[in-house]
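Commentary on secondary and tertiary structure
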Amino acid sequence: MDITMLYSKIHRATVTDANLDYVGSITIDQNFLDAAKMRVGQKVDIVNINNGERFSTYIIAGERGRKDICLNGAAARLVQKKDKIIIIAYASMSESEAQTYMPKIVIMDDDNTIAQELEGLS
């Protein structure tokens, strides 16, 4: 039996743009993707800390070092620039994998600088 577990998350990222005139997705700086072990095309859940909205989309890579977090397409209606969001990725694992897997947690500062990188939930 497989179980869906937290794979990684980017915590308290600041939205830098909301682009309604795009097909869809979330643009994330490639440095943040690397730190969180996230991949282009991966499904993620977005939690908007400012307004409580929760929705799913997929990742596209942003330019490395620009600190971009941009919601595109319909999702752009669910955020505003400067909102704080949590980007959550999950993975399907066997029960034995879930026992030992340590999710990657990337905590952001207000200016989208990586403040802390953690492994595990403890």
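An account of the accompanying structure is given in this report. Once a new chain begins, its residue numbering starts again from 1 and follows that chain's sequence as written. Where local features are concerned, this predicted model is filtered to residues with pLDDT of at least 70; where side-chain atom pairs are given and counted, the filter is 80 or more; whole-chain, interface and lining totals use all residues. Just so you know, side-chain values use all the structure's heavy atoms and leave hydrogens and water out.

Here a Phe, Tyr or Trp ring, Trp counted by its six-membered ring, pairs with any other such ring whose centre lies within 6.5 Å, and the pair is stacked when the planes are under 30 degrees apart, edge-to-face when over 60, and tilted otherwise. Summed over the entire model, instances satisfying the criterion amount to 1 aromatic pair. For the ring pair Tyr 7 and Tyr 101, a centre distance of 5.7 Å and an interplane angle of 10° mean the geometry is stacked. Note that Tyr 7 is positioned in strand S1 (residues 2-14) and Tyr 101 in the loop between helix H2 (95-100) and strand S8 (104-108), a separation of 94 residues in sequence. In this text, helices come from DSSP runs of H or I with a minimum length of four residues, and strands from runs of E with a minimum of two, each type numbered from the N-terminal end.

So, about the pairing of S1. Here the rule is simple: two strands pair whenever DSSP picks up at least two bridges between them. Sheet topology note: the S1/strand S7 (residues 84-94) ladder contains 10 bridges and is antiparallel. When the bridges of S7 are listed, Met 5 appears paired with Ala 91. With 4 bridges connecting them, S1 and S8 associate as parallel partners. Along S8, the bridge assignment pairs Lys 9 with Ile 105.

Through backbone hydrogen bonds, the strands of a sheet pair up, either in parallel or in antiparallel fashion. Strand order in the open sheet made by the 9 strands is S2-S6-S3-S5-S4-S7-S1-S8-S9, with mixed pairing throughout. Strand pairing shows two members of the sheet lacking a second neighbour, strand S2 (17-19) and strand S9 (114-119), which therefore form its edges. Going from strand to strand, the sheet's axes swing by 30° on average, the running direction of each strand aside. Alignment of strand S4 (residues 43-48) against S7, held across 4 bridges, turns out to be antiparallel. Counterpart to Ile 46 in the pairing with S7 is Ile 87. As a rule, the C-alpha atoms of each element are fitted with a line to give its axis, helices using only the stretch in contact, and angles between N-to-C directions run from 0 to 180 degrees.

The next thing to look at is the nonpolar core. For this analysis, a nonpolar core means a set of buried residues of the types Ala, Val, Leu, Ile, Met, Phe, Trp, Tyr and Cys, connected via side-chain atoms within 4.5 Å. Think of it in three bands: residues with accessible area under 20% of the maximum for their type are buried, residues over 50% are exposed, and the middle band is partly exposed, with areas taken using a 1.4 Å probe on protein chains only. One finds Ile 10, Ile 26, Ile 28, Met 38, Ile 85 and Ile 87 to be the most contacted residues of the largest nonpolar core, which totals 27 residues. At 5 residues, the largest contribution of residues to this core is made by S7. Listed in part, the 5 residues of the second largest apolar core include Val 47, Ile 86, Ile 88 and Ile 105.

Tracing the chain through its elements places Gln 42 in the loop between helix H1 (30-36) and S4. You can call Gln 42 buried: its relative accessible area is 16%. Of the polar contacts made by the side chain of Gln 42, one reaches the backbone nitrogen of Arg 39; its length is 2.9 Å. Throughout, a contact is declared for two residues whenever any of their heavy atoms are within 4.5 Å. For Gln 42, the residues in contact, after removing those within four places along its chain, are Tyr 7, Lys 37, Thr 57, Tyr 58, Ile 59, Ala 89 and Tyr 90. Pairing of N or O atoms within 3.5 Å defines a polar contact, subject to two protein rules: one partner must be a possible hydrogen donor and the other a possible acceptor, and residues neighboring in sequence count only if both atoms are side-chain atoms.

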